[in-house]
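# Results of the structural survey
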Amino acid sequence: MPTSLSEAQRYLAEGAVPVGGATLVWALWQRDGFPEQAMSLRELPQATLIQREALGAAVLLHQVDDRVPEVLRRAASSVGTGAVRRAATVGGNIVGSTLRCLLPAALVLDARATVLDRDGSYETDLAEVVAKRHLLLGLRWRDPVTSRYHKAPGEAGGPPPLVVATAVHTGSDGRDRLLVAVRDGYEVSNETVPCHDGPEQALDALEGTGLRSLPAAARDAVRREVTGVLSGPADR
Ligand SMILES: Cc1cc2nc3c(=O)[nH]c(=O)nc-3n(C[C@H](O)[C@H](O)[C@H](O)COP(=O)(O)OP(=O)(O)OC[C@H]3O[C@@H](n4cnc5c(N)ncnc54)[C@H](O)[C@@H]3O)c2cc1C
């Protein structure tokens, strides 16, 4: 359990494997053997932050509360069971799990990831973190105007339930734009469209994006969520 970045870097160089709550790796390690060294980030200040615009990778899912935007809070509260959420971490969910219920929420916050490698820590985008399985220290984003998270009901062990995450951000030109991310099966896609003229403008614009090819039920859910996030009271 490193307490500084330089210490974490040293363990990384020695080949330590990152571990969060071990909710996924424990069974694998029991079957295949335990690694020589595993590194938990829970004593590292950068990895345990919970702020309006930042969330550390070692934060437990049940600790993700209304200090962070609604979309991320609801995503965390939708993962697994209470027992899983009391042990599983943000980093383990985004980098280590296949479902990654937090990923659509992080995408609509336009979050940047802070990662650590042998040369030090740096910022990168979420797609790279997921593809390369970097050591994630945490996420940073700009507070949205409003946000929302929808996860369809699903059965344990069944197909991944549909997720639609939405967030409205004000651009540097003062105009609002809508970010939408959809998990359909294991695939996550995301788009950004203008929305300063209201839901119809955003829905029309989304018709010209890749989300148009989603199955009908997913498109209906997107319409509902987009209309809701742009018409309802601000849910930060
Ligand atoms: C019963 C059950 C129900 C579940 N339901 C859901 C669900 O509805 N939605 C969902 O999204 N997930 C679900 N999951 C999966 C859950 O998200 C993961 O178990 C959990 O997030 C993994 O977190 P962890 O901290 O325990 O990871 P660990 O098991 O400790 O690690 C998992 C992997 O992530 C890597 N890792 C851990 N931390 C980091 C880091 N900081 N940087 C880089 N790599 C890291 C590890 O090296 C390992 O490869 C469920 C799991 C269970 C057991």
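Note: the structure precedes this text.
A brief structural summary. It should be emphasised that the depicted structure is a prediction, and the values quoted were computed from it without experimental measurement.

### Section: the overall build of the chain
- Check the secondary structure of the chain and you find 9 helices and 11 strands.
- Relative to the compact-globule value of 18 Å for 236 residues, the chain shows a C-alpha radius of gyration of 18 Å, a close match.
- Going through the 236 residues of the chain one by one, you find that 44% of them count as buried.
- Considering only contacts in the chain between residues 6 or more positions apart, those separated by 24 or more positions represent 54%.

### Quick look at the side chain of S40
- Counting through the fold element by element, S40 comes out in the loop between strand 2 (38-39) and strand 3 (50-51).
- S40 sits in the buried class, given a relative accessible area of 13%.
- There is a polar contact of 3.2 Å between the side chain of S40 and the backbone nitrogen of R42.
- Every residue in contact with S40, bar those within four places of it in the chain, is listed here: M1, P2 and V19.

### Let's talk about the nonpolar core
- Core analysis: the largest hydrophobic core is formed by 39 residues, its most contacted members being L55, V90, L102, L136 and L139.
- Of all the secondary-structure elements, those providing two or more residues to this core are helix 3 (70-77), helix 5 (90-96), helix 6 (102-108), strand 5 (112-117), helix 7 (126-132), strand 7 (135-140), strand 9 (163-170) and strand 10 (176-184).
- Ranked by size, the runner-up nonpolar core spans 19 residues in total, among them L178, C195, V222 and V229.

### Re the pairing of strand 9
- The element strand 9 is extensively covered by neighbouring structure, given that 7 of its 8 residues are classed as buried.
- Across 6 bridges, the pairing between strand 8 (residues 146-151) and strand 9 is antiparallel. Counted as the bridge partner of T146 is V168 from strand 9.
- Bridging between strand 9 and strand 10 involves 8 bridges; their strand directions are antiparallel. Bridge assignment links A167 to a residue of strand 10, and that residue is L179.
- Where strand 9 folds back onto strand 10 in an antiparallel hairpin, the turn is made up of 5 residues, including G174, whose phi is positive at roughly 85°.

### Some points on the site of the ligand
- Neighbouring the ligand are 31 residues, the closest being P18, G20, T23, L24 and T89.
- Between the ligand and T23, the relevant distance is 2.5 Å, taken from an oxygen atom to a side-chain nitrogen or oxygen of the residue.
- Against a free-state accessible area of 970 Å², the protein chains account for coverage of 83% of the ligand.
- Among the cavities detected, the one that contains the ligand is the largest pocket.
- Elements with a minimum of two residues in the shell around the ligand: strand 1 (17-18), helix 5 and strand 7.
- In terms of residue count, the dominant contributor to the shell around the ligand is helix 5 (5 residues).

Conventions and cut-offs
Residues numbered from 1 in each chain as written. Predicted model: local features only at pLDDT ≥ 70, side-chain atom pairs only at ≥ 80, totals over all residues. Heavy atoms only, no water. Helix = DSSP H or I, 4+ residues; strand = E, 2+ residues; numbered from the N terminus. Rg over C-alpha atoms; globule rule 2.2 N^0.38 Å. Buried < 20%, exposed > 50% of the residue type's maximum accessible area, 1.4 Å probe, protein only. Contact = heavy atoms within 4.5 Å. Polar contact = N/O pair within 3.5 Å; in protein donor to acceptor, adjacent residues only side chain to side chain. Core = buried A, V, L, I, M, F, W, Y, C linked by side-chain atoms within 4.5 Å. Pairing = 2+ DSSP bridges. Near = heavy atom within 4 Å. Areas by Shrake-Rupley, 256 points an atom, 1.4 Å probe, with all protein chains shown as cover. 1 Å grid on protein atoms, 1.4 Å probe; cavity = no way out; pocket = protein on both sides within 12 Å on 5 of 7 lines; lining within 4 Å. Sits in = over half its atoms within 2 Å of the grid points.

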